[in-house]
Every structure is written in structure tokens, then in C-alpha cells.
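# Topology and contacts: notes
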Amino acid sequence: MSADEIDAEIHFMKTYSILKWDELIKLNDDRKTLDQNLALGLATREEVLKQIRVELNMLDTCQLKIDQEMKENDAAYISTEILTILSNRINAMYNNMFLMFPVEKTSLSEYIEFCSNNKLFITKCSNMLDTLMSRYHSDPEVYITAATYEFDDRNDVETARRYFAEGLKYHKNCKSLYVEEFWVEVQHLEKTAGASLPVAVGKYKNLIKRFEGDMEFHFILLDRAIQLSAVRELQCNVVRDMVKKYRHSELMWQKLAKIHFDGFIYQHVTEQLHYDKNYISGIRNCIKTYEDGLKENLPPKNKHNLWNFYIDHVIEIRKSYRMKKETIRNFMNETMERAFQEAHDNRALRKAEHYIYWAENTNKDCHTILKEAVEVINDSVELWTKLLSYYIDFDSLEMAVETFQEGVKALTKNSIPLWQMIILYMQNTHPKLLKQLFQEGARYPFEEVNTFIRPQYLEWCVLHNGILATRELFNELKDIEPECRQLYSSMIRFEKSQSSSITKISTIRKLYNDACNTFGKKDVGVWTDCMTFEYSYGSILIVDEIYKAAILCLEPHLISFMKEEYERLKYLFKDSGSKDAGVIVIEDDD
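Residues numbered from 1 in each chain as written. Predicted model: local features only at pLDDT ≥ 70, side-chain atom pairs only at ≥ 80, totals over all residues. Heavy atoms only, no water.

As recorded in an unreviewed UniProt entry, the protein goes by the name U3 small nucleolar RNA-associated protein 6 homolog, listed as coming from Sipha flava. Under the Sequence similarities (unreviewed entry) heading, UniProt states for the protein: "Belongs to the UTP6 family." (UniProt positions renumbered as here; feature names shortened; annotations may be inferred.)

Structure follows, in C-alpha cells:
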């Protein structure tokens, strides 16, 4: 800053009370220190950025003060020299930072935004970009940022092209650079009403040649090309090449169907592309495209994928706002039935959610679809539960039992939801059949199921047959492999809840003893439950014996946890005395 600029800045700051004198002195001292470090090559990027933030904040404060003065005092004129001084200082600091340190996309974007917001006050703003873009930058995004700025903000396509070319000299295989360069040409083609078509088409031809066989890249170019309306000939080139090059790919047919859905209709015979704003035409052409693709001689796996794309798109359309008109609803209902049925007939419907959607939206009997579905996908819990639920809802005992048995056979260890459904159904409608059902479930050869059923069987027994029958059943169920921890917990709970009589402590104590012997090696909880029982109803002296047995029995890594639980229980029951009276008296609820 020149002496005149310094004087002008000081005058403005004092006049409008922007900074106190000591704050202004500190600001200038910081500036001098940074300038010296920059000159000596000692400054860091972070120091420069920090000072830039300070200067930017100062610029904003001064701008606000000027706006305020002009508004409040109705000033016809107020000097904006301070804005020019600060803007050029910030510009110079950015320039120094870019020349001294590798350019980062974020910093460059901030600089460009700064230039755009202060173009009236900055001199030689674009010169810096020219200097920077003639150098190597490891991040190709730097070239993209600069080129996009030149095109979008300065309407300078030639400079944008030059920046892209410079970036591609160093990053020859960077797809994002090529894509953004192509996007600039697409936009320029729109701006020139087609005059730059040869350049745009030339760029496009070079790109698909360079990335020959890269279908995803081709799709990206297509997505950019169809964003604007006045570039139809370029769009036609991109779509025509896509269809020719990737005709035997299910992904191409999906992409073509999607652009048809969006209104870009490609005629295979004439090889021309036109836009139809009637969304019904888009839907019809979308569906036709999938069906045309399925007629192609695709490999089985590819055709299977295309069926899935087709079905997913049919569902998507039927869920969209476009289904308001009755004509399109009828068309899509017919399409859905045809598409799902043909996919099923071709054994291409392999997702449970597809069958469920079909069953829930069909005009046919949904159970017919679900029966076919479980034949194709017999390991889907959701399909089996849907089918069983259907027969239960209609109280069709024979079909419910048959479906349950087939489902359990197919799902094996994952069949618990079917057991839950059939048990609840039997409880409400055919209680006499429950015992047989529980007997089968308790001995089912998958522990996930039998350990789930056995406690339920025990609970059913105590509710319907009393405690004596339940004790007999418990002795029968506890010997079934594998051991079931919940079975013991349930039995103990039932013994404790016998409010109509007196339960001997020894009965429950034996249950706890058996549980500790059976599960005590890996389960701290069974020991703490046992000790809690003795504290509450039994003998404190026995608690210590239980703890010693636990320490000997538990696996080593659980011992510290057991010690913590023991201390916790001692503190919890520190005021309790011995209650070893031999019985537990539990009062009636009344």
C-alpha cells in the first residue's frame, strides 16, 4: 500500500469509527510482519489465509458502513476509495499465496468468488488466473474451477477451452476434466443456437474414441447433453452411438428407457431423437423400450438383470404422481400384470419384494401369486408369513396348517415368525390343537426354534393345567438338547407366583442350583439371580457359598465382572438379615 492509500485508510477508519487507534496499529503491524515473512519466504499458507480473512472482514465492515451512511444520511456521494484499497490488497495477498504455495481448489474458489463480488474495485483480476493456469497443478479440479469461472462469469469460452487444454496436458486420463470440458461445449452450443455444433460434435467424437467401450462414461456424456433443449443434433449423436455400441447390454436398455420416460424419444428406424412433453407418451415409450430390449438376444444373466430393471421401473411409475389420470392408471395396471407374469414365467422374478408388491396390487387372488412365489423363493421369511397370514385371515385351518408345515420345512431355523403366527392363531381359534403344536416345536431339530418354543409351552401349561402339570412338563423339557436358560427362568417365575399356596424355598433353590450347574460357566446373570433370591428370601450365609462356587465355575474372563456384581449385591442388601425360614410367603393380590 502506498503512503496515500495508508492515509486514506486511516482517515476512513477514524472518521467512521471502524477501528480504535490501537487496533489499527496492530492491524498494520500484522501486515508488516506478514509482508516481511513473505519476502523472506518464511510465511505459511495458514498465516496468509488468516490475514486474508481479517482483510475480508474489514472489507465487509467498510462496505456495510458506506451503505449505512448513504441510507441514514441520504448522502448523495461518499468515497468508496477504501473498498478499492482493501480489495486490491486482498487480491495481492491471494496472488502471493498462489505463487508461493500449491493451489488448492477451495482457495481458488474463494478467490474467484471474491473477484466476482468486487469486480468494480479490483484491477487485473483475471491476469492472475492466466498466470496460474499456465502452471502444473496436481489437482485437476483447479483447472475445472478456473475454466468454469471464465465461461460462466466472464462468458469467455476461448479462455475456458485454453484452461481445460492446459489441465489435460498434465491429466490426460482425468474423466472429470473431459466431462466438464464437454459440458462447457454443450452450454456454448445452446448459447450460439447451434452455431458451434462442429466443435461440440468433434469434442464428443474424440471423447468416445478415447474412452472406447466405457459405457458409464458414455452415459455421463448423455446426461450432460440432454440437460439443454437446443442441442438436439448433438443429443441425437450421443443416443445413436449409445444404441449401436451397447445394444447387447441391459444397462443400455435401462438408460434408453429412462430417457424415454423423461420425454426424449429415440426412433430406431430413422435414428432420430425428438422431445415429447406429453408424459403419457414418455411412459408408453419407456415400457416399450424395456420390452424391445427383452426381445434382444441377451445372455441369460443380462436378460435377468433387465427384467429386474423393468419391474423396478414399473413399480416406480405406479407409485409416482403421474398415475393421476385414469387412462395411464389402466395402462400401468395392465403393464404390471403382464410384466410380472412374464417375468415369473421366465423365472426372472427373483426378489421377494417384487412378488409381494404384485400380490398386494393384483386383480387376481393374491394367494395364488404368493404360492407361486414360495416355490421360486422358498427361503423368504416375508413371503411365507404373507402367505400364512392370508389363510389365517380367512380362517382356513387346513391351508394354514399346510402352509405352516411347508414353510417350516423350507425355513428351518428361520421359521420362528411362522411358529408365532400359528400359535397365536391356534390360541384364538383351535386351542385343542395347541398341545400337539407345542410338542412338535419343543422337539424341533433346530435350537433357534425349540429354545423359543419350550418356554412358551411351559407358560401355556401353567395357565391351562396348573403348577403340578407344569413341574412334570418342565422335567420333560429341560432334558431336551440344547439346554434352555429361559426355561429355568420361566419355571422359577411360576414357582414364585403361586399365590394360592406356600412354596418351599428348597424347590426354587434347587431350580437355581440346577441352572447354575447348567449355565454357570458362561453366564454371570444366573449366579446373580441366585444370590438375589437368597438375599431376598433365603440365607445370607448361602450367598457367600454361591459366590465362591461362581468364582470356581465361571470362565476366567468373567470373574472380574462376577466380583463387581457380588459387591453391588452386598451393598444393595447390606441392611437385610437372614430370612431362612424355609418357605416363601407371597401374599394374594387382594
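Turning our eyes to something else, we now look at the overall build of the protein. A count of helices and strands for the protein gives 28 helices and 4 strands. What you see for the protein is a C-alpha radius of gyration of 40 Å, clearly larger than the 25 Å of a compact globule of 590 residues, by over 25%. Overall, the C-alpha framework of the protein stretches about 105 × 80 × 50 Å when taken along its three principal axes. The buried share among the 590 residues of the protein stands at 47%. Within the protein, contacts between residues separated by at least 24 positions form 62% of all contacts whose residues are at least 6 apart in sequence. Accessible area for the protein stands at about 30,900 Å²; split by element, carbon and sulfur atoms hold 50% of it. Computed over 75 positive and 92 negative side-chain charges, the inter-centroid distance for the protein is 4 Å. (Helix = DSSP H or I, 4+ residues; strand = E, 2+ residues; numbered from the N terminus. Rg over C-alpha atoms; globule rule 2.2 N^0.38 Å. Buried < 20%, exposed > 50% of the residue type's maximum accessible area, 1.4 Å probe, protein only. Contact = heavy atoms within 4.5 Å. Areas by Shrake-Rupley, 256 points an atom, 1.4 Å probe, with all protein chains shown as cover. Lys, Arg positive; Asp, Glu negative; His and termini not counted. Charge placed at Lys NZ, Arg CZ, Asp CG, Glu CD.)

Okay, the side chain of serine 490 next. By secondary structure assignment, the location of serine 490 is in helix 24 (residues 485–496). According to the relative accessible area criterion, serine 490 is buried, its value standing at 3%. When neighbours within four sequence positions are excluded, serine 490 is seen to be in contact with Pro455 and Leu458.

On the surface, a cluster of negative charge is made up of Glu375, Glu398, Glu402 and Glu406. It is helix 20 (residues 397–411) that provides the largest number of residues to the negative patch, a total of 3 residues. One can find glutamate 375 in helix 18 (residues 366–376). Classification of glutamate 375 as exposed rests on a relative accessible area of 65%. (Patch = residues over 30% accessible without salt bridge, like charges linked within 9 Å, V, L, I, M, F, W, Y side chains within 5 Å. Salt bridge = Lys/Arg side-chain N within 4 Å of Asp/Glu carboxyl O.)

Let's shift gears to the pairing of strand 2 (residues 272–275). Each regular strand shows side chains that alternate between the opposite faces of the sheet. The pairing of strand 1 (residues 264–267) with strand 2 spans 4 bridges and is antiparallel. In the strand pairing of strand 2, isoleucine 265 is matched with histidine 274. The hairpin formed by strand 1 and strand 2 contains 4 residues between the paired strands, and glutamate 271 there has a positive phi angle of roughly 60°. (Pairing = 2+ DSSP bridges.)

Turning next to the nonpolar core. Counting residues in each nonpolar core, the largest one holds 189 residues, and the members touching the most others are Leu108 and Leu234. For this core, the leading source of residues is helix 23 (residues 447–477), giving 11 residues. With near-sequence residues (within four places) excluded, leucine 108 lies in contact with Phe98, Val103, Leu129, Leu132, Met133, Val142, Thr145 and Ala146. (Core = buried A, V, L, I, M, F, W, Y, C linked by side-chain atoms within 4.5 Å.)

On to the pattern of salt bridges. Enumeration according to the criterion identifies 34 salt bridges in this entry. With its nearest N and O atoms 2.9 Å apart, the salt bridge here joins glutamate 158 to arginine 161. Note that glutamate 158 and arginine 161 are positioned in helix 8 (residues 157–170) at a spacing of 3 residues, about one turn of the helix. Close ionic contact of lysine 244 with glutamate 271 constitutes a salt bridge, the shortest N to O distance being 3.6 Å. Within this pair, whereas lysine 244 is found in helix 12 (residues 232–245), its partner glutamate 271 is found in the loop between strand 1 and strand 2, the two being separated by 27 residues in sequence. Members of the salt-bridge network, linked through shared partners, are Glu9, Arg31, Glu55 and Arg89.

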